[in-house]
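A look at the structure
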Amino acid sequence: MAGLRPEEVRRMTVPEFAAFMQGFAAFHGADETPEAPSADAWQQALQRDALGRDAA
């Protein structure tokens, strides 16, 4: 799990595990909020999807 061996997880306290998982999530971008697409970009994506094409 997240790069830990089972015995490492078993030795952790709950607060240690929670801190580890928060750090793991932050490192992998969980704290980043993507910018919303413009209305035009959104409409184009919907049209591509309706036509069955991959994103440009």
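None of these values were measured; they are calculated from a predicted model.

About the cut-offs
Residue numbers run consecutively from 1 along every chain, following the written order of its sequence. Residues qualify for local features only when their pLDDT is at least 70, as the model is predicted, and side-chain atom pairs are given and counted only at 80 or more; totals for whole chains, interfaces and linings, by contrast, use all residues. Only hydrogens and water are set aside when side-chain values are computed; all heavy atoms of the structure are taken into account. Every residue carries a pLDDT, the predictor's confidence in it, which falls somewhere between 0 and 100. Labels follow the DSSP assignment, with helices taken as runs of H or I lasting at least four residues and strands as runs of E lasting at least two, numbered in each case from the N terminus. Planes of paired rings set the category: under 30 degrees apart is stacked, over 60 is edge-to-face and the rest tilted, where pairs are Phe, Tyr or Trp rings (Trp by its six-membered ring) whose centres lie within 6.5 Å. The cut-offs for exposure are 20% and 50% of the maximum accessible area for each residue type, with area from a 1.4 Å probe on protein chains only; residues under the lower value are buried, those over the upper are exposed, and the others partly exposed.

Right, let's get into the confidence of the model for the chain. Atomic detail in the predicted coordinates should be set aside for any region of low pLDDT. Averaged over the chain, the pLDDT score is 87; the fraction of residues at 70 or greater is 91%. Helix α1 (residues 6-11) holds the highest mean pLDDT among the elements of the chain, 94, whereas helix α3 (residues 39-51) holds the lowest, 90.

Another point: the packing of aromatic side chains. With the rule as written, the count across this model stands at one aromatic pair. Each ring, one from phenylalanine 20 and one from phenylalanine 24, has its centre 6.3 Å from the other, and the planes form 25°; the classification is stacked. Of the two residues, phenylalanine 20 and phenylalanine 24 both sit in helix α2 (residues 14-27), four residues apart, roughly one turn of that helix. Judged by relative accessible area, phenylalanine 20 falls into the partly exposed class, the value being 24%.

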